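A structural walkthrough
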Amino acid sequence: MSLVLFVATLLKTANGHEHHGDSKIPEGQTISLEPLVFGSVLALVGFFLGHAHGGREFTSHNIHSIFANILQLLLVGQVVLGLYLKGHWEKGLNGKIRKLIRPCHSIIGKAMPLLSWAQMIFGGITALGFCQGEHVGQCAAHFIMGGAFIAYGIILTIILLVGQVWMQRCGRSQEFFDSAVIAAWGCVNTFTEHRWGTRWVKNDWQHTTMGIIWWCAGLAGMWLSKDRDGHPKRNFIPGFVILITGWAMSAHPQELMVSAMTHATFGKTLMAVGLTRIIEVSFVLKDKQSLSEDGRSWNSFQFIPVF
């Protein structure tokens, strides 16, 4: 009986597609006022339950709905490609086709975690009904920057646990790759943070200035990532960039108190990340690639910056 009530509740309230009859979305809004339910947590079940009607409504052709179709096609394609590769057909024409399918299967598989993360973000945006109209650009910038820091922490963790051997083989220090990304990101921010054709405001100056600092520091970090003999060399530049970015974010002027406090909290967190990263490279590792020659050991302090 409890299971029946549970399913009935979900059928009543979980709705992700267009509805029949009169819309319950208020004028000027993108969602109706019915509360969200936890049925959406179950992705597979939620996909079917989303066709039920009578609960919360969303505008048609929202980004979450559009991207869901793309993910479904990729998932089906990934399964089909995987089954083909599982057959081990390698003779004649199949051998040539297999050479094309293998990289496609690999790329889709590696992209799935990133695409799934983006879909979860789109789900939150759609559910809450924000990031609409003229706010799309600002929302995209904040989500991309926040997602980039999360991705950076994940990548650092992976490199720390299983990637140190590869770092030694590639002939580059980790700061080279970090600095290259920082330089590229800074170039983009320098020319995209201001809406050209409109007057400059206080936030534009800070964003553009930070972009210039990023690409200058990134180029310096790349230059310092090798010694005179061309061997990989560690440096403090990426950690320093994160530290001053956090300092700038903590003092970023905002219209609302909640926004100012949020920026201050994240800014101070980034300052701590940058400081501990500098300590890790300069004092824990003492500018070495890793603690051990084989790259299979680490210090517990190294987990502080990534977390």
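Quick notes on the rules
- Along every chain, residues carry numbers that run from 1 in the direction the sequence is written.
- Thresholds applied to this predicted model are a pLDDT of at least 70 for local features of residues and 80 or more for the giving and counting of side-chain atom pairs; totals over whole chains, interfaces and linings are not thresholded and use all residues.
- With hydrogens and water set aside, each side-chain value is computed from the structure's full complement of heavy atoms.
- The axes are straight lines fitted to the C-alpha atoms, using for helices just the contacting stretch, and the angles between their N-to-C directions are given from 0 to 180°.
- The numbering of helices and of strands both runs from the N terminus, where a helix is a DSSP run of H or I of at least 4 residues and a strand a run of E of at least 2.
- Should an angle fall under 35 degrees it is taken as roughly parallel, and over 145 as roughly antiparallel, whereas 65 to 115 is taken as roughly perpendicular and any remaining angle as oblique.
- Note: crossing handedness is left-handed where the near helix turns anticlockwise from the far helix by less than a right angle, and right-handed where it turns clockwise.
- Amino acids outside the nonpolar list (Ala, Val, Leu, Ile, Met, Phe, Trp, Tyr, Cys, Pro) and the charged list (Asp, Glu, Lys, Arg) are all regarded as polar, and Gly is one of them.
- Any residue under 20% of the maximum accessible area for its type is buried, any over 50% is exposed, and the rest in between are partly exposed; the area is computed with a 1.4 Å probe on protein chains only.
- Contacts were defined at the residue level, with two residues in contact if any of their heavy atoms lie within 4.5 Å.
- A score between 0 and 100, pLDDT records how confident the predictor is in each residue.
- UniProt positions are given in the numbering used here, feature names are shortened, and annotations may be inferred rather than shown by experiment.
- Within this document, salt bridges are pairs made up of a side-chain nitrogen of Lys or Arg and a carboxyl oxygen of Asp or Glu, the two lying within 4 Å of each other.

The next thing to look at is the packing of helix H3 (residues 63-86) against helix H4 (residues 93-128). Running from N to C, H3 and H4 cross one another at 150°; their axes reach a closest spacing of 8 Å. Compared by their axis directions, H3 and H4 come out roughly antiparallel. Along this stretch, H3 crosses H4, giving a crossing that reads as left-handed. Of the residues that constitute the contact of H3 with H4, the class distribution is 17 nonpolar, nine polar and two charged.

Take His 105: it is sitting in helix H4. Judged by relative accessible area, which is 23%, His 105 ranks as partly exposed. Spatially, the C-alpha atoms of His 105 and Gln 78 are 6.1 Å apart, while their sequence positions differ by 27 residues. Beyond its immediate stretch of four places on either side in the chain, His 105 contacts Gln 78, Leu 81, Gly 82 and Leu 85.

Look at helix H6 (residues 174-192) against helix H8 (residues 237-250): their axes get within 9 Å of each other, and the N-to-C directions meet at 40°. Overall, the two elements H6 and H8 adopt an arrangement that is oblique. Residues Glu 175, Asp 178, Ser 179 and Ile 182 of H6 lie in contact with H8, whose contacting residues are Ile 237, Pro 238 and Val 241.

Summarising the model, the protein shows a mean pLDDT of 79, and 81% of its residues fall at 70 or more. Of all the helices and strands in the protein, helix H1 (residues 2-13) carries the lowest mean pLDDT, 40, while H8 carries the highest, 92. Scored below 50 in pLDDT, residues 1-20 shows 37 contacts in the model against residues more than four places distant or in partner chains. Note that pLDDT drops below 50 for residues 35-40; the model gives that stretch nine contacts with residues more than four away or on any other chain.

For Lys 286, which is not a glycine, the phi torsion comes out positive at approximately 55°. For Lys 286, the position within the fold is in the loop between helix H9 (257-284) and helix H10 (303-306). Phi at Asp 287 is positive, roughly 65°, even though this residue is not glycine. Within the fold, Asp 287 resides in the loop between H9 and H10. Taking relative accessible area as the criterion, Asp 287 reaches 34% and is therefore assigned partly exposed.

This part takes up the UniProt feature "transmembrane region" (unreviewed entry) in the protein. Here, UniProt's "transmembrane region" (unreviewed entry) annotation points to residues 35-54, 66-85, 114-131 and 143-167. Secondary structure within residues 114-131 divides into 83% helix and 0% strand; the distance between the first and last C-alpha atoms comes to 20 Å. Between the end C-alpha atoms of residues 143-167 the distance is 29 Å, and the span holds 100% helix and 0% strand.

So, about the pattern of salt bridges. The full count for this structure, using the stated rule, is four salt bridges. A salt bridge links Arg 234 to Glu 175, with the shortest nitrogen-to-oxygen separation between them at 2.5 Å. Here Glu 175 lies in helix H6 and Arg 234 lies in the loop between helix H7 (202-223) and H8, a separation of 59 residues in the sequence. Both residues of the pair, Arg 234 and Glu 175, count as buried. Notably, a salt bridge pairs Glu 175 with Arg 277, separated by 3.5 Å at the nearest N-O pair.

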